[in-house]
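Spelled out, the chains give:
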Protein chains: 2
Amino acid sequence: MTVNVGLIGLGTVGTGVARVLLEKARLLEQRIGARVVLARVCDRHASRARALKLPAGRFTTDPTVILHDPDIHLVVELIGGIQPAKRLLLEAMQRGKHVVTANKALLAEDGPELFAAAERHGVDLYFEGSVGGGIPIIKAVREGLIANELNAILGIVNGTSNYILTQMQEKGLTFYEALQEARHHGYAERNPTLDVDGHDAAHKLAILTWLGFGTHVPIAKIHTEGIRRISQADIRYARDLGYCIKLLAIAKRVGPELEVRVHPTLLSTSHLLASVNGVYNAVYVHGDLVGAELFYGRGAGQNPAASSVLADIADVARNLALGIAKRVPSPHPHQRALRLRRMDDIATRYYMRFTVVDQPGVLGTIAGILGRHHISIASVQQKERQAARIAPVVMMTHEAREAHVQQALEAIDRMRMIRSKTVAIRTEAPRGR
Amino acid sequence: MTVNVGLIGLGTVGTGVARVLLEKARLLEQRIGARVVLARVCDRHASRARALKLPAGRFTTDPTVILHDPDIHLVVELIGGIQPAKRLLLEAMQRGKHVVTANKALLAEDGPELFAAAERHGVDLYFEGSVGGGIPIIKAVREGLIANELNAILGIVNGTSNYILTQMQEKGLTFYEALQEARHHGYAERNPTLDVDGHDAAHKLAILTWLGFGTHVPIAKIHTEGIRRISQADIRYARDLGYCIKLLAIAKRVGPELEVRVHPTLLSTSHLLASVNGVYNAVYVHGDLVGAELFYGRGAGQNPAASSVLADIADVARNLALGIAKRVPSPHPHQRALRLRRMDDIATRYYMRFTVVDQPGVLGTIAGILGRHHISIASVQQKERQAARIAPVVMMTHEAREAHVQQALEAIDRMRMIRSKTVAIRTEAPRGR
């Protein structure tokens with residue numbers, strides 16, 4: 001059988017997918033057991049198609065040409081963003097075409113609507129490229145770990161942020177210096193908001209949470225903090241304490257509740273995720289049968305992402321060759337619904353950095369306020385003075401409730417002896433390695 | 001649809017699979033989209049079935065009852081070993097039943113015959129449980145990375161050996177002390193040969209090599225060395241040089257040739273695989289599109305292995321529910337056959353430990369012999385004397401050919417100033433992280 005693919009979007013990933021489909025056609029046919037042909041390609045820019053040396057007549061700037069072509073079996077959407085991607089995918093499915101997408105923002109926002117459409121029209125919707133670049137994490141969670149009830153998914157899923165934090169850690173750069181480095185190497189967009197403010201990680205977390213826990217959490221309900229406020233001092237003090245700082249996407253079951261959050265996190269340097277550096281991604285999964293697993297690889301880049309999109313194309317092509325669809329229920333329902341835990345109710349250990357006027361009694365006052373908010377101190381260090389009479393105080397707490405911490409810090413930051421807003425960073429303890 | 005499973009073998013993994021099928025029936029049905037019923041169970045020991053509290057009439061001590069039952073769709077073989085497992089699997093397939101197995105020895109030895117039978121009879125043969133315990137590595141290589149041409153697969157795939165080496169490293173134990181520890185914790189069999197002599201790792205490597213490179217390498221052609229000869233001194237000296245020692249299963253493409261070997265290996269402590277400790281397994285895969293990936297998890301144990309077998313059962317059940325089979329060609333052919341590289345032709349850096357009489361000129365003589373065999377020295381250290389006039393000399397070489405190294409060591413070990421057989425351990429350099 002010949003499977004005709006219509007590819008919409010010749011950006012970085014789209015160009016990679018097109019190139020592999022053209023160059024590895026024979027290898028793919030052998031492995032898949034069906035011939036996959038890049039039948040039509042659409043992009044706004046004709047120049048991008050010319051660079052690919054597509055056979056004549058296959059390129060269009062009008063996506064409806066692909067949607068209306070009855071010979072196209074499978075539409076691959078790689079333009080990203082909500083619209084027109086959503087409209088195109090919905091119309092493709094309505095016309096009975098299977099779809100593959102790597103559009104994490106769209107899946108996170110409108111996943112339920114898209115999957116309902118796939119269900120209604122009896123077509124496949126695959127999305128391996130949406131999380132973790134070249135790591136086959138969607139397939140692992142959805143198929144490989146199918147017999148597990150998951151306890152936790154922790155991910156370093158934004159390569160840009162991880163690159164920046166690694167540069168800060170290894171070279172002593174400030175956030176802005178490291179951001180410049182990332183831009184210089186093409187790892188950061190001109191507008192880095194989506195990456196460094198945690199939104200991209202939140203999109204991916206929404207998808208992983210849905211797959212892993214059967215719960216669709218709207219993006220607006222995912223507590224999301226980025227890495228802009230991480231200072232070189234925090235990186236250094238954390239290291240002195242045996243930790244590194246990572247932007248972590250966290251989904252975990254706590255009793256009948258589910259915690260879903262994205263924020264900078266202190267990880268013990270012995271944690272599996274602590275050695276994931278640079279633009280690499282990794283997803284840590286804890287399942288009731290398998291225990292701890294880690295999936296590690298390049299989180300971005302043309303070829304890794306293309307590898308994932310091509311795995312999806314192969315899956316759909318195999319289904320088409322066998323005359324089936326909807327082989328893998330997606331996302332599979334969970335046996336019991338989990339309630340989203342309020343951010344106020346989470347409990348972790350906290351790293352706190354206070355900037356205090358160095359005078360007698362300061363520490364006692366801070367400790368007193370923390371104590372009244374049920375927060376107990378695990379360790380405290382006064383660091384060398386930064387300026388006359390101003391010194392940082394670094395503290396690790398025992399496990400404390402988020403609400404208590406926020407209330408305590410509000411009270412502390414109102415004091416005159418506190419000279420800048422206190423920094424508080426949550427920690428994540430290793431579990432059942 | 002209801003899928004009737006006949007399970008043969010209630011050992012550790014079989015009992016785990018049976019338990020999950022009984023306890024998670026509803027969850028599995030929801031996720032798979034088909035009902036999976038443990039219809040018949042076979043073991044030599046009726047006591048094992050009683051512990052499971054199977055519904056009446058489902059247990060038999062005679063495997064032919066399962067093979068002859070026309071209602072059984074899928075036979076799960078978990079008895080291990082070559083016979084009678086092979087005979088049972090072949091007969092099951094001949095009778096049109098799909099099969100799932102975790103039998104690495106059998107697949108490594110007789111894989112071609114088994115897959116040919118599956119082809120001939122149009123049935124599925126799945127085997128996720130054969131490598132890497134709970135890590136879905138077979139699916140990742142076969143499906144997730146389908147568009148990649150692989151450059152290398154490096155695995156820590158024997159939990160027992162890795163546990164022993166980790167104990168030696170962390171607690172300063174000798175090999176035999178660490179082996180006792182492993183036995184004490186149930187991580188080693190009474191006869192540990194299969195594990196500590198590298199044979200189990202070689203079986204798994206044969207399977208990974210076949211999947212990843214399309215080349216079936218008979219076990220007898222895989223150069224296999226175990227960890228019995230690793231001494232505490234080597235662990236310590238390697239650490240001083242910035243390395244740890246792991247039993248590595250290695251398959252890598254070098255030009256038109258394929259290197260396939262299992263042996264203790266020095267890994268730089270910054271290598272991804274260096275932090276895989278205890279009974280954990282990990283498989284490092286380097287593909288042309290994805291670059292370096294790592295899959296990490298528990299390599300053995302009842303529940304992790306059961307998780308993999310259940311993922312296979314789910315795959316077959318989905319196929320059955322859709323009326324298809326042979327969805328994933330297995331193992332998929334590679335686009336070009338790779339020639340197996342002769343062990344003599346491999347080239348790595350070597351760690352060497354000489355036990356010499358501490359007298360003037362010894363080092364010069366050794367260096368001279370190495371030089372005549374085209375081996376150049378990267379670093380050398382004479383360690384503290386162990387006994388009167390006897391001292392260890394530890395050397396790291398630059399890349400050298402195996403044949404040259406063996407010839408040089410033979411010449412060196414014939415010298416009177418060498419007091420015991422020289423230890424040589426190959427290294428593996430990090431590649432394209």
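Residues numbered from 1 in each chain as written. Chains lettered and ligands numbered in written order. Predicted model: local features only at pLDDT ≥ 70, side-chain atom pairs only at ≥ 80, totals over all residues.

(A) Local environment of the sheet that holds strand β2 (residues 35-42) of chain B. Residues and elements named next belong to chain B. With respect to topology, six strands assemble into an open sheet ordered β3-β2-β1-β4-β5-β6, the strand pairing being parallel. The outermost strands of the open sheet, each flanked by one partner alone, are β3 (59-60) and β6 (125-126). Across two bridges, the pairing between strand β5 (residues 98-101) and β6 is parallel. By the bridge assignment for β6, V99 is matched with L125. On top of the sheet, helix α13 (residues 302-321) reaches β1 (2-8), β2, β4 (74-77), β5 and β6; it is set at about 165° to β5, its chief contact. (Pairing = 2+ DSSP bridges. Helix = DSSP H or I, 4+ residues; strand = E, 2+ residues; numbered from the N terminus. Contact = placed C-beta atoms within 7 Å. Axes fitted to C-alpha atoms, helices over the stretch in contact; angles between N-to-C directions.)

(B) Fine view of the sheet that holds strand β1 (residues 2-8) of chain A. Residue and element names in this part refer to chain A. Judged by pairing direction, the sheet is parallel, and its six strands sit side by side in the order β3-β2-β1-β4-β5-β6 without closing on themselves. The sheet is open, and its two edges are formed by β3 (59-60) and β6 (125-126), each paired on a single side. Packing of helix α1 (residues 12-23) onto the sheet brings it into contact with β1, β2 (35-42) and β4 (74-77), and relative to β2 it is tilted by some 140°. Running over the sheet, helix α13 (residues 302-321) touches β1, β2, β4, β5 (98-101) and β6 and is turned about 165° from β5.

(C) Main features of the environment of A:E109. All names here are of chain A. Its place among the elements puts E109 in helix α6 (residues 104-121). On the neighbour-count criterion, E109 (18 C-beta atoms within 10 Å) is partly exposed. Note: C-alpha distance between E109 and P218 (109 residues apart in sequence) is 6.6 Å. When neighbours within four sequence positions are excluded, E109 is seen to be in contact with I82 and I219. (Buried ≥ 20, exposed ≤ 12 C-beta atoms within 10 Å, placed from the backbone.)

(D) Highlighting the relation of the copies chain B and chain A. When chain B is brought onto chain A, the operation consists of a screw motion whose angular component is 180° and whose axial shift is 0.0 Å, with 0.0 Å RMSD remaining. The relationship between the two copies is best expressed as a two-fold rotation axis. Proximity to the rotation axis, assessed at the C-alpha, singles out B:F295 in chain B; its C-alpha lies 2.5 Å from the axis. (Least-squares fit on C-alpha atoms with pLDDT ≥ 70 in both.)

(E) Structural view of α6(A). Residues and elements named next belong to chain A. Between its terminal C-alpha atoms α6 stretches only 22 Å, short of the 26 Å expected from 18 residues at 1.5 Å a residue. Bending of α6 peaks at approximately 90° at the position of D110, with proline P112 no more than four residues after it. Those residues of α6 that fall on the buried side of the exposure criterion are K104, A105, L106, L107, A108, G111, L114, A117 and A118. Packing partners of the buried residues in α6 comprise α5 (85-94), β6 and α11 (199-213). After α6 finishes, the residue G122 shows a positive phi value of roughly 65°. (Expected span 1.5 Å × (residues − 1). Bend = angle between axes of the 7 residues up to and from the residue.)

(F) How the structure looks around the environment of B:L247. All names here are of chain B. Here L247 shows up in strand β9 (residues 243-254). The class for L247 is buried, based on 27 C-beta atoms found within 10 Å. Beyond its immediate chain neighbours, meaning those up to four positions away, L247 contacts I156, N158, S161, N162, L165, G198, A201, I227 and P264.

(G) Main features of the pairing of strand β11 (residues 280-287) of chain B. Residues and elements named next belong to chain B. With eight of eight residues buried, β11 lies mostly within the body of the structure. Covered by surrounding structure in β11 are Y280, A282, Y284 and H286 together with N281, V283, V285 and G287, the residues of both alternating faces. Direction of pairing for strand β7 (residues 150-156) relative to β11: antiparallel, over a ladder of six bridges. Paired with L154 across the two strands is Y284, which belongs to β11. In terms of strand pairing, β11 meets strand β12 (residues 291-298) through eight bridges, oriented antiparallel. Bridging across to β12, G287 finds its partner in G291. In this structure, the hairpin formed by β11 and β12 is closed by a connection of three residues.

(H) Up close: the interface of chain B and chain A. Each side of the interface is counted separately: chain B has 46 residues, and chain A has 45 residues. Secondary-structure elements contributing two or more residues to the side of chain B that touches chain A are α2 (25-32), α7 (137-144), β12 and α13 of chain B. Counted by class, the side of chain B that touches chain A contains 24 nonpolar, 13 polar and nine charged residues. In this structure, strand β12 (residues 291-298) of chain A lies alongside β12(B), joined through three bridges in antiparallel fashion. Following the sheet pairing, A:L294 is matched in β12(B) by B:Y296. (Nonpolar A, V, L, I, M, F, W, Y, C, P; charged D, E, K, R; others polar.)

(I) Up close: the environment of A:A249. All names here are of chain A. By the secondary structure assignment, A249 is in strand β9 (residues 243-254). Taking the C-beta count within 10 Å as the criterion, A249 has 30 such neighbours and is therefore assigned buried. Residues A249 and K53 lie 196 residues apart in sequence; the distance between their C-alpha atoms is 40 Å. Discounting residues that sit within four places of it in the chain, A249 has contacts with G155, V157, A201, K204, L205 and V262.

(J) Molecular detail of the pairing of strand β19 (residues 418-428) of chain B. All names here are of chain B. Summarising the sheet, strand β10 (residues 257-268) and β19 pair through three bridges and their orientation is parallel. Bridged to L266 within β19 is T427. Summarising the sheet, strand β15 (residues 350-357) and β19 pair through six bridges and their orientation is antiparallel. The residue of β19 that forms the bridge with V356 is I418.

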